[in-house]
Amino acid sequence: MRRASVTYCCIKTGHTTRDPNALTSNPLLDATGVAKNYGAVAALRNASLSVLPGEVHALMGANGAGKSTLVKILTGAIRADAGRILIRGEVSDVRSPAAARRAGLLPVYQEPALIPDLNVLSNLRLTGTPVEPFRAWVRELGIPNLDIRETARDIPLAVLRVLDLARALAVEPDVLLLDEMTAALPANLAEKVLEVVRRQGDSGRSVIFISHRFVEISALCDRATVLRDGATVGVVDIEPGIEEKIVEMMLGARIEKTSVAAARMANETPAAKDSHPRLSVRNLQLGTKLHDVSFDLANGEVAGVVALEGQGQDELFAALAGSIRPAGGTIAVDGAPVKFSHPSDAIRAGIAYVPGDRTEALAMQRSVRENIALPFSAAPRKWGPIKARRERMVVSSAIGRLQIDTRAQGEVQRLSGGNQQKVTIARWIAADARTILCFDPTRGIDVGTKQEIYKLLRELAGLGKSVLFYTSELEEVQRVCDRVIVIFGGRVVDTFPVELADEPALMRAAYGLPRGAREDVGILADVRPASDTEAAP
Amino acid sequence: MTNSATLPQPAPFGRRLKRFMADRPIIPLIILLVILVMILQILRPGIVNERWIANTAKFAIPLAILAGCQTMTMLTGGIDLSVGTVATMSAFIMATQIVNQDPAVACVLAMLPALLIGLVNGIGVGVFRVHPLIMTLGTSLIGTGFLQVYQRTVIASGARIPDFLNWLGTGLTYGFPNALFLFVPVAVLIVFTLNRTGFGRLLYAVGDNEHAARLSGVRYWQVVTALYVISSLLAGITGLLYIGLIKAPSLSLAEPLVLPSVAAAVIGGTSIFGGRGGYMGTIIGALILTVLTTLLTILHMPEGGRRILFGFIVLFVTAAYLRIIEDR
């Protein structure tokens with residue numbers, strides 16, 4: 001049944017032959033109108049995804065667009081509130097992961113799924129995976145000498161991910177779902193994985209491929225479905241230059257808003273910068289996550305960090321906060337090199353860390369006052385009697401500064417999320433930290449509180465303090481930052497002054513694409529370049 | 001002791017009462033204590049008199065101090081099972097060394113193992129991250145072993161209880177037990193430390209959210225090492241007091257107090273998971289356990305039945321109490 005044919009939807013380099021039957025037949029998997037609510041929040045409103053036999057299909061969307069919710073629904077991990085899922089033309093409600101598996105749909109998630117305390121063989125038995133095909137796939141994927149009696153715990157992460165993939169391939173699924181498959185892999189293994197995925201498509205099976213790397217997507221995928229705010233906004237064929245269009249689709253109508261914000265923010269509270277950098281980071285390295293990060297943070301500056309999830313920003317902040325020790329590179333504070341072995345070292349150097357997850361930073365059963373004053377008693381020489389009057393003064397001035405609603409006296413856990421987040425910041429205002437590392441401080445809090453936090457960060461900069469601000473919401477960059485550092489794959493790939501940091505530019509950079517020609521046009525360039533990836537940066 | 005008079009009276013009485021008790025968790029404990037004393041008085045009219053109160057206090061005090069060790073360690077999510085061994089060691093060493101040594105020297109020698117065990121506990125838990133239950137159980141066994149070896153070396157010299165410990169353990173001043181001269185300052189110090197010092201605050205913070213404490217610059221090992229040393233020293237002092245009360249040094253002198261000291265802290269409202277509790281509740285908890293013991297003793301039950309009943313009552317009281325104070 002092999003016959004050469006050219007179809008409109010897959011003119012691609014790299015693909016030579018494919019099953020023609022596949023491309024003319026009905027979709028293997030067809031989901032339409034899928035919706036899912038978590039309480040009042042709609043994670044998915046109207047998502048659809050149609051995968052043809054024999055295609056490698058990319059699923060794309062910015063952070064929070066609903067990719068992972070859709071994946072969980074397709075693989076039976078959670079159930080949709082509405083929508084129809086057809087597998088091979090038949091209505092199917094993938095009720096559980098096992099049901100999805102029986103229907104021929106198999107996911108490989110980012111987190112390794114082998115049970116750590118069992119050896120590889122026992123793990124295979126657990127899922128009823130045939131051993132010989134598994135071994136063949138493992139060899140195929142570039143690991144020639146795997147001992148299947150080795151305990152999973154002792155196997156390095158990269159290899160575990162490959163084993164997960166081999167385990168999925170061994171049961172010959174019709175639809176293989178790969179979530180950021182190449183993320184933790186070294187280049188040689190990633191190469192092999194991509195090769196196998198491509199062959200999978202050529203042999204008539206389908207792959208749903210989730211990745212932040214455009215390079216891989218354009219080399220591998222036939223089509224892409226783009227999600228935005230819980231709905232499918234388009235399905236495109238992958239062809240040269242399509243990246244621009246995809247970025248545009250992921251951003252949608254938000255492009256217009258930002259230029260206005262930029263014009264407004266630029267005039268507010270100009271930063272009191274001076275020439276000596278407060279913090280300078282050079283060639284920072286850490287395991288597989290940070291490869292080479294260098295930047296300066298000036299006094300009186302708010303520097304934004306923009307990155308897709310898992311590009312090394314967590315590790316960067318942890319290293320600067322003294323939580324983990326970097327493997328290489330230097331950090332200098334006010335020009336003097338420092339080595340942090342504990343957060344208290346960083347705090348002594350005036351660097352405070354506000355984690356994205358409030359529950360990480362707060363003693364929930366203690367009072368607002370105790371939480372704010374916690375750093376005061378950290379050092380053993382401060383273990384003595386508390387100077388109550390002074391403490392009350394400092395704390396209440398910080399509470400006033402952030403307008404924390406303390407009507408719910410007593411435990412912090414009785415406060416609203418926004419007020420809790422304010423407490424985590426107020427702690428360092430009270431402690432008068434000179435540099436604050438804010439990791440996505442506005443995640444999951446109300447709009448009003450967000451505005452207050454933006455204002456506060458600008459005020460801090462106005463007082464000569466410096467702020468490093470990671471955000472997963474690109475529009476915040478224009479509101480808060482003076483400068484933006486973009487990290488991709490553990491490296492700083494670009495740095496923008498805020499005037500040039502509109503959302504499309506940031507999104508492109510965050511996906512590792514080179515800067516387009518539009519920067520020449522200036523900040524209000526609202527032109528939509530058709531395809532300018534080839535333009536020189 | 002008419003505490004019921006302070007309760008609010010208005011219409012939605014049940015809920016108001018519950019809210020009131022949730023905000024002042026010590027009130028239901030005191031009520032329970034009063035009820036137990038009343039039951040005792042009904043079962044054996046006339047038993048509750050000045051002498052009985054002094055006697056109860058004398059036996060409750062060592063338990064309350066050891067329960068203070070548990071309270072502080074439990075606030076950080078830990079526990080100190082070595083307090084029994086430490087108290088026994090200090091008591092036994094004191095009783096045997098006083099024979100040939102100056103009292104001051106004997107005191108120092110008696111407190112030495114306490115310091116050492118506390119240090120080892122603290123370093124084990126704080127630096128090597130051994131679970132406190134295992135760590136303190138281990139040092140407790142090791143301490144007992146050393147004590148047995150030590151006993152052989154002093155078997156000839158005999159033992160005696162120094163006068164000042166006799167005075168402290170069993171003496172009365174104007175009807176008040178002298179042990180109060182030790183206990184009141186210790187209790188005030190513990191309460192003050194927990195509520196008004198940086199160290200006390202760190203105990204709560206570490207037990208509530210260790211990660212948050214770390215991000216605030218708190219070094220866990222420092223807090224924990226200091227904590228277990230303090231706990232052990234308190235246990236050592238308790239041993240000295242206890243030998244003055246019991247007057248018969250043995251190798252398992254204070255061992256029977258260990259689990260009741262945990263129970264007293266739990267009954268007193270300190271969470272075994274850390275971050276919640278206080279010493280005032282613990283003191284009442286220790287009193288409740290002591291009165292309960294008396295109550296069961298006068299029931300003329302066989303020892304086995306008494307223990308079964310004791311266990312059931314402790315379980316019931318703890319469950320009921322947690323339900324009262326945690327329903328918010």
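Residues numbered from 1 in each chain as written. Chains lettered and ligands numbered in written order. Predicted model: local features only at pLDDT ≥ 70, side-chain atom pairs only at ≥ 80, totals over all residues. Heavy atoms only, no water.

Peer 1: Sorry if this is basic, but what is going on with the interface of chain A and chain B here?
Peer 2: The accessible area lost on association of the parts is a frequent measure of interface size. Counting residues at the interface gives 36 residues for chain A and 27 residues for chain B. Of the roughly 2,700 Å² buried at the junction of chain A and chain B (both faces included), carbon and sulfur atoms supply 52%. For the pair chain A and chain B, the number of links is three salt bridges. A salt bridge links Arg 276 of chain B to Glu 411 of chain A; the shortest N-O distance between them is 3.6 Å. Remark: the boundary between chain A and chain B carries 17 residue pairs in polar contact (both at pLDDT 80 or more). At five residues, the largest contribution of residues to the side of chain A that touches chain B is made by helix H12 (residues 343–348) of chain A. The residue inventory of the side of chain A that touches chain B, partitioned by class, reads 17 nonpolar, nine polar and 10 charged. (Contact = heavy atoms within 4.5 Å. Buried area = accessible area lost by both parts, 1.4 Å probe. Salt bridge = Lys/Arg side-chain N within 4 Å of Asp/Glu carboxyl O. Polar contact = N/O pair within 3.5 Å; in protein donor to acceptor, adjacent residues only side chain to side chain. Helix = DSSP H or I, 4+ residues; strand = E, 2+ residues; numbered from the N terminus. Nonpolar A, V, L, I, M, F, W, Y, C, P; charged D, E, K, R; others polar.)

Peer 1: What is the right way to look at the pairing of strand S3 (residues 56–61) of chain A in this model?
Peer 2: Residues in a regular strand project their side chains so that they alternate between the two faces of the sheet. All names here are of chain A. With six of six residues buried, S3 is to be regarded as a mostly interior element. Residues Val 56, Ala 58 and Met 60 point to one face of S3 and His 57, Leu 59 and Gly 61 to the other, with burial holding for every one of them. Note that S3 and strand S8 (residues 206–210) share three bridges and pair parallel. In the sheet register, His 57 faces S8, and the bridge partner there is Ile 208. Sheet topology places S3 next to strand S9 (residues 223–228); five bridges connect them, and they run parallel. In the sheet register, His 57 faces S9, and the bridge partner there is Arg 223. (Buried < 20%, exposed > 50% of the residue type's maximum accessible area, 1.4 Å probe, protein only. Pairing = 2+ DSSP bridges.)

Peer 1: Help me out: how do you make sense of the packing of aromatic side chains in this one?
Peer 2: When we look at a pair of aromatic rings, we describe it by the centre distance and by the angle of the planes. Within the structure shown, the criterion is met by seven aromatic pairs over all chains. For the pair Phe 439 of chain A and Tyr 470 of chain A, a centre-to-centre distance of 4.5 Å together with 25° between the ring planes defines the contact as stacked. With Phe 439 of chain A in strand S17 (residues 435–439) and Tyr 470 of chain A in strand S18 (residues 466–470), this residue pair connects regions lying 31 residues apart in the sequence. Classification of Phe 439 of chain A by relative accessible area gives buried; the value is 6%. Residue Tyr 470 of chain A is classed as buried on the basis of its relative accessible area, which comes to 2%. Members of the aromatic cluster, each reached through a chain of ring pairs, are Phe 317, Tyr 353, Phe 439 and Tyr 470 of chain A. Over the aromatic face of Tyr 204 of chain B sits the side chain of Arg 366 of chain A, whose NZ or CZ is 3.9 Å from the ring centroid. (Phe/Tyr/Trp six-rings, centres within 6.5 Å; stacked < 30°, edge-to-face > 60°. Lys NZ or Arg CZ within 6 Å of the ring centre and 35° of its normal.)

That's the geometry; what it means functionally is another story.
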